[in-house]
Amino acid sequence: MKAIAAHEDGTEPVVIEKPRPEPAAGEALVRTLRVGVDGTDHEVIAGGHGERPDGEDHIVLGHEAVGVVEDPNDTPFEVGDVVVPTVRRPPNGANEYFARGEPDMAPDGEYHERGIVGAHGFMAEYFTSPAEFLVEIPPELAEWGFLVEPASITEKAVEHAFASRSAFHWEPDSALVLGNGSLGLLTVAMLDSTFDRIYCLGRRERPDPTIDVIESLGATYVNSNDTPVSAVPEAHEPMDFVYEATGHAPHAFEAVEALAPNGAAALLGVPGDWTFEVDGGRIHRELVLHNKALVGSVNSGYEHFEAAVESLSGLSEAFLADLVTGVHPLESFEAAFVDDDTTIKTAVEFAAYEER
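Residues numbered from 1 in each chain as written. Predicted model: local features only at pLDDT ≥ 70, side-chain atom pairs only at ≥ 80, totals over all residues. Heavy atoms only, no water.

(A) Fine view of the overall build of the chain. The number of helices and strands found in the chain is 10 helices and 19 strands. Taking 21 Å as the expected radius of gyration for a compact globule of 356 residues, we find that the chain reaches 20 Å, a close match to that expectation. Its C-alpha atoms give the chain principal-axis dimensions of about 60 × 45 × 40 Å. Taking the contacts inside the chain whose residues are at least 6 apart along the sequence as the reference set, 69% of them involve residues at least 24 apart. Carbon and sulfur atoms form 46% of the exposed surface of the chain, whose accessible area is close to 15,900 Å². Charged side chains of the chain number 21 positive and 65 negative; the gap between the two group centres comes to 2 Å. (Helix = DSSP H or I, 4+ residues; strand = E, 2+ residues; numbered from the N terminus. Rg over C-alpha atoms; globule rule 2.2 N^0.38 Å. Contact = heavy atoms within 4.5 Å. Areas by Shrake-Rupley, 256 points an atom, 1.4 Å probe, with all protein chains shown as cover. Lys, Arg positive; Asp, Glu negative; His and termini not counted. Charge placed at Lys NZ, Arg CZ, Asp CG, Glu CD.)

(B) Layout of the pattern of salt bridges. Applying the stated criterion to the full structure yields 13 salt bridges. Among the salt bridges present, the one from Glu 113 reaches Arg 88, with a minimum N-O distance of 2.9 Å. Placement of Glu 113 in strand E8 (residues 112-114) and of Arg 88 in strand E7 (residues 88-89) is noted, with a sequence separation of 25 residues between them. An identical accessibility class is assigned to Glu 113 and Arg 88; each is buried. Each of Glu 96, Arg 100 and Glu 102 takes part in salt bridges that share partners, so that together they form one network. (Salt bridge = Lys/Arg side-chain N within 4 Å of Asp/Glu carboxyl O. Buried < 20%, exposed > 50% of the residue type's maximum accessible area, 1.4 Å probe, protein only.)

(C) Representation of the packing of aromatic side chains within the structure. This model, assessed by the stated rule, comprises eight aromatic pairs. Each ring, one from Phe 195 and one from Phe 241, has its centre 5.7 Å from the other, and the planes form 10°; the classification is stacked. Of this pair, Phe 195 sits in the loop between helix H4 (182-191) and strand E13 (197-202) while Phe 241 sits in strand E15 (residues 239-244), and the two are 46 residues apart along the sequence. Look at Phe 195 and you get buried, because its relative accessible area is 2%. Ring geometry for Trp 274 against Phe 276: centres 5.5 Å apart, planes inclined by 75°, an arrangement best described as edge-to-face. With a relative accessible area of 42%, Trp 274 lands in the partly exposed category. For Phe 276, a relative accessible area of 27% corresponds to the partly exposed category. (Phe/Tyr/Trp six-rings, centres within 6.5 Å; stacked < 30°, edge-to-face > 60°.)

(D) Examining a negative patch on the surface more closely. Where like charges cluster on the molecular surface, the negative patch consists of Glu 8, Asp 9, Glu 56 and Asp 57. By the element assignment, Glu 8 lies in the loop between strand E1 (2-7) and strand E2 (14-17). By relative accessible area, which is 56% here, Glu 8 ends up exposed. (Patch = residues over 30% accessible without salt bridge, like charges linked within 9 Å, V, L, I, M, F, W, Y side chains within 5 Å.)

(E) The pairing of strand E6 (residues 82-85), seen in detail. Side chains Val 82 and Val 84 of E6 all project onto a buried face; the interleaved residues Val 83 and Pro 85 project onto the opposite face, where all are buried too. In this sheet, E6 lies alongside strand E5 (residues 64-71) in antiparallel orientation, the contact comprising two bridges. The partner of Val 68 across the bridge, within E6, is Val 82. (Pairing = 2+ DSSP bridges.)

This is the structure:
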């Protein structure tokens, strides 16, 4: 079968041949439909993130996948079921985090991430997976199923932010999403049913397709070139919830100033090392005197995938069509890895869905 991989000495993804996998006991064989491309894939290709499987000189890319069950292999699935795989796997047998059903809370060294850390990904014509790591989705969602994984990241972040406010009565009205990439836009759409007023901050100037998407959702675009995060409360309003998806390290501290009293911010971006000056005393006071919270979040669990399926099912076809700017066949997969001002979200298509 064909797969898309990154070699340790390469700078671009390449198509390679690999044996079609055989499912072990408790595993199903899945025929891949589509696999999304995101910033993590680019970081893995560049060698700045992730880890190849032991003894391998390459890693098969892709962690945002949707496929159909080809061989259930005595699992609870049936041939033709549409499924989305979760990302984390136990590295050397089960550990306490997987035993509790909390792989997303495992620390470094206690997990592999398919397509990222220590395990091949899903960007291949077929893959196998234990049944407990496959989430069934409605057939009508097959076209967009590769968005379930990124949506699950938001489900977890929002859940943990709200949990940090669960000790008291909290009725948030306003939300600020930092970042107008594909995850930021998907989050704006997902938050629409929870918040009355949503803002999305980015660096792009008009005209721009991401700004069009933001405004089509009824949200307000904030240009950070004119209004930095710390100035948002004065320019617009203090925010009950801030969702940081940029990896711009200063945003973690600026978000504290953007929050309203009792507010919470979820940090998802992963910056590199960056030394800069902040007013630590001011940030500390804001957190303490105004009951603010910062929550870090990475990966997601099975229940977040299930919640993401429900959320994705509620989004309009028009929004999804605007968000996904390119789905490219394997023969021209390189186009899915192009990152320019016209690109929002792309995917590689390995097979078209055929309802059985």
